[in-house]
Structures are given as structure tokens and as C-alpha cells.
Amino acid sequence: MSYFDGLEFFIVLVPLLGITVLLKLWGLQGKGWITGLSLGFAIWIYRSSPGELAALAVYIASIWVILNWFLQKRGVHKRKGPYYKIALGLTLAPLVLNKLFPVLNLSPLGFLGLSYISFKSLQMVIEIQDGLIKDLSLSDYLPFMTFFPTMSSGPIDRSRRFSEDLNGKKSREEYLELLGSGLFTLILGLVYKFVLADYLYGHLQRLTLDFHPMRNLAYMYVYGFYLFFDFAGYSNLAVGTANILGINTPINFNKPFLSVDIKDFWNRWHMSLSFWFRDFLFSRIVKGFIKKKRFSTMQQTAAISYMINMGMMGAWHGLSSSYLLYGLYHGVLLALTDLYQQRSEFYKTHRNQLSYRAFSTIVTFHLAMIGFFIFSGRFAAWMKYLFF
């Protein structure tokens with residue numbers, strides 16, 4: 001079993017959310033309730049995989065030790081010494097090893113949600129280094145790391161924002177507004193994931209019969225919409241549940257197929273992941289290149305930074321050729337988009353015209369679908385079928 005998967009999960013979830021609503025309406029803060037729910041769901045979800053449950057417990061305890069160690073070193077040595085790199089390396093090591101296990105033909109030692117919980121851990125290390133996190137509370141750390149709606153597949157929240165919601169006391173009116181939004185988002189997620197995505201999945205199964213070019217073309221578009229409704233559906237379920245719990249978790253999708261260019265697409269698609277990479281990787285790569293004067297122009301700096309950023313995003317999904325090529329593909333698109341927008345007089349003249357924006361939206365939609373085709377693994381399978 002996984003989070004938000006199957007009737008059994010919702011049979012347990014719904015009455016617990018009902019109790020949560022009553023607690024909130026009675027003015028109870030519910031911090032301990034949220035922590036208890038998250039730990040209880042983790043034990044229940046991982047009950048058939050005690051190894052994963054143990055790995056999760058060891059990971060959370062280890063990260064707590066690493067963060068407190070680094071916080072102490074940061075306070076004494078400021079930004080000097082190797083402590084930041086050591087903390088980053090130790091925090092990143094479980095994820096890297098888990099990604100390498102399939103490549104090395106070894107059994108993975110990870111757990112459901114490792115990829116997403118790693119972002120939380122890395123974010124805290126980086127913000128300690130930046131001086132934004134000056135102390136840690138176990139009563140805030142534990143629910144943030146184990147928060148069950150976002151545990152397995154996000155959205156990726158930020159620790160300081162989460163703690164403000166967790167510890168803040170909303171008025172009855174504020175909570176009722178959040179509750180209404182949460183219920184709507186939860187229902188929308190159910191429709192997306194269990195109606196539309198399931199319907200499209202049936203079509204996908206029928207399109208895998210052969211590698212005829214037209215079948216591949218149909219597969220590309222059906223898979224793109226399936227991926228959106230499946231993942232956006234899950235994200236809406238997570239966000240809606242979090243809202244009912246009183247946590248205003250950030251949304252993950254904002255009409256991505258209406259994007260006017262690839263930059264806009266990544267501001268609308270899997271937003272929490274895209275913004276995480278933007279804030280904690282891309283901007284720092286650019287800053288480092290500028291400081292060390294690695295390239296002669298900002299265009300070169302931006303292009304290489306896009307390639308590295310999206311390459312790392314592809315590798316985060318996995319080390320298969322499809323994921324790596326997907327990251328490279330979007331890195332190239334972002335670099336070319338930036339170059340075009342910076343240097344094209346045609347773009348600067350027409351970018352606000354309705355006809356141009358409509359045409360650009362259509363082009364972006366098809367480019368995104370090609371990316372999904374690569375991501376799906378079907379492109380690599382087709383190449384192997386044609387040439388090998």
C-alpha cells in the first residue's frame with residue numbers, strides 16, 4: 001500500500017479528517033494530532049515492509065543528528081571550514097546510493113518517499129548555512145519530515161513556512177476558508193487520479209502493442225495527459241488533505257498546458273520541485289559562475305546553468321537513459337529559450353500580442369509532450385526497436 005492508494009486508505013483517512021475538522025473548529029491547535037497522524041500513517045503504510053520502516057526511522061534520526069551538529073558548527077565557525085560540504089554530503093548520500101543501487105545491481109536500501117524527504121533535509125542544511133535557520137525544535141522537525149499527505153510524492157514544502165502554519169493559530173473564519181479550499185482540491189484530486197488518469201491508462205495499455213509511428217504519436221499525447229492527471233491528481237489529494245489539517249501546502253500544478261514558453265512551463269509544472277531546484281541549485285550555480293568568471297557572457301552562464309540544473313533534475317528521477325535524456329532535453333530547451341528571448345527583436349516586438357502568445361502556447365505544448373514521451377521510456381524503446 002501507498003499513500004492515497006486504494007479504498008482502504010480512504011476508509012481510514014476520511015473519519016480521521018472528520019475528527020481533525022472538529023478539533024480545528026473547537027479551536028484546538030492540533031500540532032500533536034498532526035504529528036501522531038503522520039507517525040501512525042507511516043507505521044501503517046510500511047507495516048508490510050519493516051525494513052523500509054526501519055530505514056525511515058534511521059534516516060530521520062540521522063538527519064536530526066547531522067542538522068544539530070552542523071547548526072553547532074555553523075554557530076562556532078560561521079561559514080568557514082568544511083562543515084557545510086560534510087553536512088551536504090552526509091544528507092545527500094542516502095539518496096545517491098539509492099539511485100545507484102539499480103545501476104550496480106544491488107538491492108535498494110531506501111524507503112517510500114526518500115527522494116522527497118531528501119529535498120526537505122537538503123533545504124534545511126542550505127538554510128542553516130545561509131543563516132536562515134538558527135535553531136531546531138524536535139516538535140517542529142518530526143511532523144515536517146513525516147507529514148503524511150506529502151510524504152511519498154510531495155509537494156515539497158519549506159521547513160520555515162511549514163512551521164509557521166503548524167504553530168500558528170488560525171481564526172475560525174480563516175480555517176473555514178482553508179477547509180473549503182481543501183475539500184474542493186481533494187475532490188478534484190479524486191476525479192483527476194481515479195477517473196481521468198485511470199481512463200487514460202486503459203488507452204495507454206492498448207497503445208503499447210506495437211511501435212508503429214502513429215501509435216507512438218498517439219502514445220505520446222495520451223501519456224502526457226495521463227501523467228498530468230495522475231500526478232496532479234495525487235498532488236491535489238495531498239494539498240487538499242493538508243489544507244483540511246490546517247497546513248497551507250503549496251500547489252504543484254497551475255494549468256501547465258497553457259504555458260507560453262518552456263520557462264513558463266516550469267513555473268507551472270511540478271512547481272514545488274522546479275522552484276526548489278531554482279532556489280537551491282540553479283541560482284547558486286549562476287552565482288558561483290559569475291563570481292569565478294567562468295564564462296564571458298551571461299548567455300553562456302545561463303545556458304550551462306540550465307543544462308546542469310535540468311541534468312540534475314533528470315538524474316533525481318533516476319539514472320536510466322530516459323530520465324537523463326529528459327533532463328538534457330529540457331536543459332537545451334531552456335537555454336535556447338533564454339537565448340531567443342534575450343537576442344530576438346521579433347520576440348521583443350511581438351511577445352505581448354495575442355496571436356504570438358497563442359502560437360507560442362501551441363508550440364510549447366507540443367515540446368512538453370515530446371519531453372513526456374522521452375520521460376516515459378517509450379522513446380528509448382522505440383530507438384532500440386528501430387536500430388537494434
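Scroll up a little and you will see the structure.
Presented here is an overview of the structure given in this document. The model shown is predicted, which means the values in this text are computed figures rather than measured ones.

The final tally for this structure, using the stated rule, is 13 salt bridges. A salt bridge links Arg-47 to Glu-8; its shortest N-O distance comes to 3.6 Å. One end of the pair, Arg-47, is in the loop between α2 (31-45) and α3 (50-77); the other, Glu-8, is in helix α1 (residues 7-25), with 39 residues separating them in the sequence. Overall, the relative accessible area of 43% leaves Arg-47 in the partly exposed class. One salt bridge in this structure joins Lys-31 and Asp-140, with 2.8 Å as the shortest N-O distance. Linking Lys-31 in helix α2 with Asp-140 in helix α6 (residues 138-146), this pair joins segments that are 109 residues apart in sequence. Judged by its relative accessible area of 16%, Asp-140 is buried. Linked by salt bridges that have partners in common, Asp-157, Arg-161, Asp-165 and Lys-170 make up one network.

On the surface, a nonpolar cluster with roughly 430 Å² of combined accessible area is contributed by Leu-92, Val-96, Leu-97, Leu-100, Leu-319 and Leu-324. Broken down by element, the residue count for the nonpolar patch peaks at 4 residues, all from helix α4 (residues 83-103). With respect to the element layout, Leu-100 can be found in helix α4.

In this section: the packing of helix α12 (residues 298-317) against helix α13 (residues 321-343). Two quantities define a packed helix pair, namely the angle between the helix axes and the distance between the axes. It is the contact of α12 with α13, at a shortest axis distance of 7 Å, that shows an interaxial angle of 155°. Taken together, α12 and α13 sit at an angle that is classed as roughly antiparallel. Relative to α13, α12 is oriented so that their crossing is right-handed. Residues of the contact of α12 with α13, tallied by class, amount to 13 nonpolar, 8 polar and 2 charged.

A word on the environment of Asp-135. With respect to the secondary-structure elements, Asp-135 resides in the loop between α5 (114-129) and α6. Expressed as a C-alpha distance, the spacing of Asp-135 and Gln-72, which sit 63 residues apart in the sequence, is 9.3 Å.

Turning our eyes to something else, we now look at the packing of aromatic side chains. Considering all chains together, one arrives at 53 aromatic pairs under this definition. Centroid distance Phe-10 to Phe-194: 5.8 Å. Interplanar angle 85°. Geometry classified as edge-to-face. Separated by 184 residues along the polypeptide, Phe-10 in helix α1 and Phe-194 in helix α8 (residues 172-206) bring together distant segments of the chain. The partly exposed category is assigned to Phe-194, whose relative accessible area is 31%. The positively charged end of Arg-278 is found above the aromatic ring belonging to Phe-275, 4.5 Å away from the centroid. Directly above the aromatic system of Tyr-219 lies the positively charged group of Arg-378, at a separation of 4.7 Å from the ring centroid.

Conventions used here
Residue numbers run consecutively from 1 along every chain, following the written order of its sequence. In keeping with the model being predicted, local features are shown solely for residues with a pLDDT of at least 70 and side-chain atom pairs are shown and tallied solely at 80 or more, while totals for entire chains, interfaces and linings include all residues. Computation of side-chain values covers all heavy atoms of the structure but excludes hydrogens and water. A pairing counts as a salt bridge when a side-chain nitrogen of Lys or Arg comes within 4 Å of a carboxyl oxygen of Asp or Glu. The numbering of helices and of strands both runs from the N terminus, where a helix is a DSSP run of H or I of at least 4 residues and a strand a run of E of at least 2. In this scheme, a residue with accessible area under 20% of its type's maximum is buried, one over 50% is exposed, and one in between is partly exposed, where area comes from a 1.4 Å probe on protein chains only. Each patch is built from residues lacking any salt bridge and having more than 30% relative accessible area; the joining distance is 9 Å for like charges and 5 Å for nonpolar side chains (Val, Leu, Ile, Met, Phe, Trp, Tyr). Accessibility throughout is a Shrake-Rupley quantity obtained with a 1.4 Å probe, and a residue counts as covered only by protein chains that appear here. To define axes, lines are fitted to C-alpha atoms, for helices over the stretch in contact only, and angles between the resulting N-to-C directions are given on a 0 to 180 degree scale. Here roughly perpendicular refers to angles of 65 to 115 degrees, roughly parallel to angles under 35, roughly antiparallel to angles over 145, and oblique to all remaining angles. Should the near helix be turned anticlockwise from the far one by less than a right angle, the crossing is termed left-handed; should it be turned clockwise, right-handed. Under this grouping Gly is polar, as are all residues other than the nonpolar Ala, Val, Leu, Ile, Met, Phe, Trp, Tyr, Cys and Pro and the charged Asp, Glu, Lys and Arg. Aromatic rings from Phe, Tyr and Trp, taking only the six-membered ring of Trp, are treated as a pair when their centres fall within 6.5 Å; an angle between ring planes under 30 degrees marks them as stacked, one over 60 as edge-to-face, and anything in between as tilted. Only when the NZ of Lys or the CZ of Arg is both within 6 Å of the ring centre and within 35 degrees of the ring normal is a charge said to sit over the ring.

Purely geometric numbers; function is a separate question.
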